[in-house]
Structures are given as structure tokens and as C-alpha cells.
Amino acid sequence: MNKILSIAILFLVTVTANAQDKKAKELLDQVTAKIKSYNNITIDFKYTLTNSKENINKDSKGNVIIQGNKYVLNFMGVTKIFDGKKSYTIVPEDEEVTISNANDGDEKNITPSKMLTFFSNGYKYAWDILQDVKGRKIQYIKLTPTNAKDQRKEVLLGIDSQTKHIYNVIEIGKNGTRTTLTVNSFKTNQPLSKNQFTFAASKYPNYYINKLD
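Here goes a summary of the coordinates provided. (Residues numbered from 1 in each chain as written. Predicted model: local features only at pLDDT ≥ 70, side-chain atom pairs only at ≥ 80, totals over all residues. Heavy atoms only, no water.)

Remarks on the nonpolar core
So, step 1. One finds Val64, Phe118, Phe119, Leu143 and Leu157 to be the most contacted residues of the largest nonpolar core, which totals 28 residues.
So, step 2. With 5 residues, helix H1 (residues 2-36) is the largest single contributor of residues to this core.
So, step 3. When residues no more than four places from it in sequence are discounted, the contact partners of Leu143 are Leu28, Phe118, Phe119, Tyr123, Lys124, Tyr125, Glu154, Val155 and Leu157.
So, step 4. In this structure, Tyr88, Ile90, Val97 and Tyr207 belong to the second largest nonpolar core, which totals 11 residues. (Core = buried A, V, L, I, M, F, W, Y, C linked by side-chain atoms within 4.5 Å. Buried < 20%, exposed > 50% of the residue type's maximum accessible area, 1.4 Å probe, protein only. Helix = DSSP H or I, 4+ residues; strand = E, 2+ residues; numbered from the N terminus. Contact = heavy atoms within 4.5 Å.)

Printed below as a string of C-alpha cells:
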């Protein structure tokens, strides 16, 4: 009898888990569809890095404009432009611009151009907790990297249940490091200059141009 009961419980747990995984996939698909429906996206964000063992607790703010795989990112005093082919990293403090053939194809890197759809490949996903954040219902999806060499233990993706926009991304490393990117402002389909994602060397006449490729 105990064996039959154990099998029944195992079956119910499996069915429930599968149903929750299906819910997670449906929500992620809705997020992807919503993101792809926009011509461009402008985000102001907060980035937090913590590691209690190393006594690290740092906060930074930034903003990014995304259109397709192109982007302009301003973060920690550095501007990075990706025009779809080349990456331009502008560091005013050093008066230097580094130009390279950017490789945004590494699946484990959450780059600006795919920060809102990075979960499409390379992860197992599961339904997680629902939190109330200042009146907003934030549903979390737990993402577990499928690559055993990935240094991240898991990624928690917070999704606004009403708008289907990403509220935050929490990465938890195997070494205890925790990074959190929180979206403070999310604007879509803004009027952009035709040269928004074009690097103009004339704007940096005294900068050292470092071409890596």
C-alpha cells in the first residue's frame, strides 16, 4: 500500500512540475513576443553586485537604447556602441576608443542586444515565486543554465504579470556572487536619430583609436 501511495505522490508531483514548466514557457513566450513587437526600446536601469563572503556591495546606474541587435549602452562612465557589425567602446577618462569585431554570439553572455530575450536558449526553466513590488505583480521564472561549465548557478527572471515586461534579472553565481539588474524605466518606439548607432570619430578628435581587428 505504501508503495502504491509513493508512486501516486510521485506521479502528482511530476504532473504538477510539468504543468508549472509549461506555464513558465508560456509566460516567456509572451515576453519574447512583446519585446519583438517593438521597433526600439530605451531602458534606464540599476545594477547591483554583491558577494557577502568578499564583503562586496556595489550599485551602479546606466541606460541603453536597443534596436534589433544594435545598441548604445552607457554604464559606469563608459559608452559602448554596437552597430550590428563592430563594437565601439568609448572611455572618456582615458580618452580612448576601442574598435573590434564584436562577438555577441556567446550564449552565456547577456549582452544589451539580447538582455530581454537571452532566456530563449541554454536554460531549463521553472515557475517560481510571485512578489508584490509597489503594487506590481512580479512573477519569477527560475532559469538554470544547461552548460555545466557555466559559472552561474541560476538566473531569476522577474516579469511584470500585467505588461509582460522584464522587471529584473538576478544572476546567482556558484561562487556566491549575486548581480541584479533592475529596470527603472522602460520606453518603447521612441524617435531615434538615423545616426543613433553610428560611431563618429570626429566627435573624439583627441582620443586614441585602438583597433583590435
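Having seen the structure, we can now continue with the description.
A closer look at the pattern of salt bridges
So, step 1. Across all of its chains, the model carries 7 salt bridges by this definition.
So, step 2. Ionic pairing is found between Lys25 and Asp29, a salt bridge with its closest N-O pair at 2.9 Å. One end of the pair is Lys25 and the other is Asp29, both in helix H1 and 4 residues apart, which spans about a single turn.
So, step 3. Judged by relative accessible area, which is 39%, Lys25 ranks as partly exposed.
So, step 4. Between Arg136 and Asp160 there is a salt bridge, with the nearest N and O atoms lying 2.9 Å from each other. Note that Arg136 is positioned in strand S8 (residues 136-145) and Asp160 in strand S9 (residues 152-160), a separation of 24 residues in sequence.
So, step 5. Judged by relative accessible area, Asp160 falls into the buried class, the value being 6%.
So, step 6. In the salt-bridge network here, residues are joined through shared partners; they are Asp150, Arg152 and Glu171. (Salt bridge = Lys/Arg side-chain N within 4 Å of Asp/Glu carboxyl O.)

Looking at the packing of aromatic side chains
So, step 1. If you walk through the whole model with that rule in mind, you get 9 aromatic pairs.
So, step 2. Relative to Phe186, the ring of Tyr38 has its centre 6.3 Å away and its plane inclined at 65°; by these criteria the two rings are edge-to-face. Taken as a pair, Tyr38 in the loop between H1 and strand S1 (41-51) and Phe186 in strand S11 (residues 178-188) lie far apart in primary sequence, 148 residues in all.
So, step 3. Ring centres of Tyr71 and Phe82 lie 5.7 Å apart, and the angle between their planes is 35°; on these two criteria the pair is classed as tilted. Remark: Phe82 occurs in strand S4 (residues 78-82) and Tyr71 occurs in strand S3 (residues 70-75); sequence separation between them is 11 residues. No difference in accessibility class separates Tyr71 from Phe82, as the two residues are buried.
So, step 4. Among the aromatic residues, those joined into a cluster by ring pairs are Tyr88, Phe199, Tyr204 and Tyr207. (Phe/Tyr/Trp six-rings, centres within 6.5 Å; stacked < 30°, edge-to-face > 60°.)

Quick notes on the pairing of S1
So, step 1. Pairing geometry for S1 and strand S2 (residues 56-67), over 11 bridges, is antiparallel. Looking at S2, one finds that Thr48 is bridged to Asp59.
So, step 2. Joining the antiparallel neighbours S1 and S2 is a turn of 4 residues, in which Asn55 adopts a positive phi near 55°. (Pairing = 2+ DSSP bridges.)

Focus on the sheet that holds strand S10 (residues 166-173)
So, step 1. Pairing is mixed across the open sheet formed by 12 strands, whose spatial order is S7-S8-S9-S10-S11-S1-S2-S3-S4-S5-S6-S12. The outermost strands of the open sheet, each flanked by one partner alone, are strand S7 (123-133) and strand S12 (208-211). Direction aside, neighbouring strands of the sheet carry axes that sit 15° apart on average.
So, step 2. In the sheet, S9 pairs with S10 via 7 bridges, with the strands oriented antiparallel. (Axes fitted to C-alpha atoms, helices over the stretch in contact; angles between N-to-C directions.)

Observations regarding unusual backbone geometry
So, step 1. Phi angles above zero are rare outside glycine, and Lys134 is one such case at about 50°.
So, step 2. Relative to the elements of secondary structure, Lys134 occurs in the loop between S7 and S8.
So, step 3. Overall, Lys134 belongs to the exposed group, its relative accessible area being 85%.
So, step 4. Its identity is not glycine, yet Lys164 carries a phi of approximately 65°, on the positive side.
So, step 5. Here Lys164 lies in the loop between S9 and S10.

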